[in-house]
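Below, each chain spelled out in residue letters.
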Amino acid sequence: MAKLTTRDGTRIYYKDWGSRDAQPIMFHHGWPLSADDWDNQMLFFRNRGYRVIAHDRRGHGRSDQTDTGNEMDTYAADVAELVRDLDLKDVVHVGHSTGGGEVIRYVAHSEPGRVAKAVLIGAVTPIMLATPRYPRGLPMEVFDGFRKALLRNRAQFFLDVPNGPFYGFNREGAEVSEGLVRNWWRQGMMGAAKAHYDCIAAFSETDFTEDLKAVSLPVLLMHGEDDQVVPVDASARTAIQLLTRGTLKTYPGLSHGLFATHPDVINADLLAFIEDRTTS
């Protein structure tokens, strides 16, 4: 397995498929998952001639089960180290949920020439927690509930989330995929309970306002209108107002995990954005 050892000694697992001469697309997963969540997208873009990279965030998947550094600045720093180690240029960074926050934090401080575009899917930006500045966010009680459920029975919690709001499988008439549920559970249980616990604060309390304002490259926001995890009004419809060159695309009836439940739809829109030279 390919692994990068960061400056603080943490080993970060990553996948790297495709020609080294092709344009890179780097995928950033959500909580509490791993690079495996992007297998459909990686195969899709690999088969269209792109170089595709995805890593397991520290404390997640096959990366080291870290006790410290489970916060957004370190996540972004790990990305910067991996990008430099692979010498990636003109990368399109695609992040889902927590990974969307990781993307915008990294891109806002990236070296010139490293980034071409960014895509935030169901992203936690600008901030999930309700604050005086963003009163439409979620109350702290929601995230305290996550912490309590994780401490009480992480294995059961990691079944309840994908069976319920993550994919919208709790909606009447939903077509439930047992494979998606089991794969979500598998990925979650590979990671570290401590890192997952810490990451709840990272994805809910980090304010990305200044990061969004600082990014002048093209950014596509994709969000399900029936997202029960990261509500669209408090996130994408707010974040778009902070971006200089942002494009918002929402999907009626789709859930937080829309790229997994509807890959054909999302992959086509991703490809169109990546190949649109007017947004370069």
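Look a little higher up for the structure.
Here the structure is a predicted model, which is why all the values come from computation and not from measurement.

> Which parts of the structure should I look at to understand the nonpolar core?
Buried together is how nonpolar side chains tend to be arranged in soluble globular proteins. Ranked by size, the top nonpolar core spans 58 residues in total, and within it M26, W31, Y106, L120 and F203 carry the most contacts. Mapped onto this core, the elements with two or more residues apiece are helix 2 (72–86), helix 3 (98–108), strand 6 (115–121), helix 4 (140–163), helix 5 (178–190), helix 6 (193–205), strand 7 (219–224) and helix 8 (236–239). Apart from residues lying up to four places away in sequence, Y106 is in contact with A76, V79, A80, V83, H93, R114 and V115.

> Hey, could you run me through the side chain of R114 in this one?
The topology assignment puts R114 in the loop between helix 3 and strand 6. Judged by its relative accessible area of 12%, R114 is buried. In this structure the side chain of R114 is engaged in a polar contact, spanning 3.0 Å, whose partner is the side chain of D87. Separated by 3.0 Å, the side chains of R114 and E111 make a polar contact. In this view, R114 contacts V83, R84, D87, L88, K89, D90, V91 and Y106; residues no more than four positions away in its chain are not counted.

> What is the right way to read the packing of helix 1 (residues 39–46) against helix 10 (residues 263–275) from this model?
In a packed pair of helices, the relevant descriptors are the angle between the two axes and the axis-to-axis distance. As a packed pair, helix 1 and helix 10 sit with axes 11 Å apart at the nearest point and diverge in direction by 50 degrees. The angle between helix 1 and helix 10 falls in the class oblique. Where helix 1 crosses over helix 10, the handedness of that crossing is right-handed. Along its contact with helix 1, which presents N40, Q41, F44 and F45, the element helix 10 presents P263, N267, L270, L271 and I274. A per-class count over the contact of helix 1 with helix 10 returns 6 nonpolar, 3 polar and no charged.

> Is there a simple way to explain the pattern of salt bridges in this structure?
Pairs can form between side chains of opposite charge whenever their charged atoms are close. Within this structure, the stated rule accounts for 26 salt bridges. With a closest N to O distance of 2.7 Å, K15 and D36 form a salt bridge. On the criterion of sequence distance, the pair formed by K15 in strand 2 (residues 11–17) and D36 in the loop between strand 3 (24–28) and helix 1 is long-range, its members being 21 residues apart. Considered together, K15 and D36 belong to a single accessibility category, that of buried residues. A salt bridge links D39 to K15; its shortest N-O distance comes to 2.7 Å. Taken as a pair, D39 in helix 1 and K15 in strand 2 lie far apart in primary sequence, 24 residues in all. One continuous salt-bridge network, built from bridges that share partners, spans K15, D36, D39, D56, R62 and R186.

Criteria and thresholds
- Residues numbered from 1 in each chain as written.
- Predicted model: local features only at pLDDT ≥ 70, side-chain atom pairs only at ≥ 80, totals over all residues.
- Heavy atoms only, no water.
- Core = buried A, V, L, I, M, F, W, Y, C linked by side-chain atoms within 4.5 Å.
- Buried < 20%, exposed > 50% of the residue type's maximum accessible area, 1.4 Å probe, protein only.
- Helix = DSSP H or I, 4+ residues; strand = E, 2+ residues; numbered from the N terminus.
- Contact = heavy atoms within 4.5 Å.
- Polar contact = N/O pair within 3.5 Å; in protein donor to acceptor, adjacent residues only side chain to side chain.
- Axes fitted to C-alpha atoms, helices over the stretch in contact; angles between N-to-C directions.
- Parallel < 35°, antiparallel > 145°, perpendicular 65-115°, else oblique.
- Left-handed = near helix turned anticlockwise from the far one by under 90°.
- Nonpolar A, V, L, I, M, F, W, Y, C, P; charged D, E, K, R; others polar.
- Salt bridge = Lys/Arg side-chain N within 4 Å of Asp/Glu carboxyl O.

Everything listed here is a matter of coordinates, which is why it stays silent on function.
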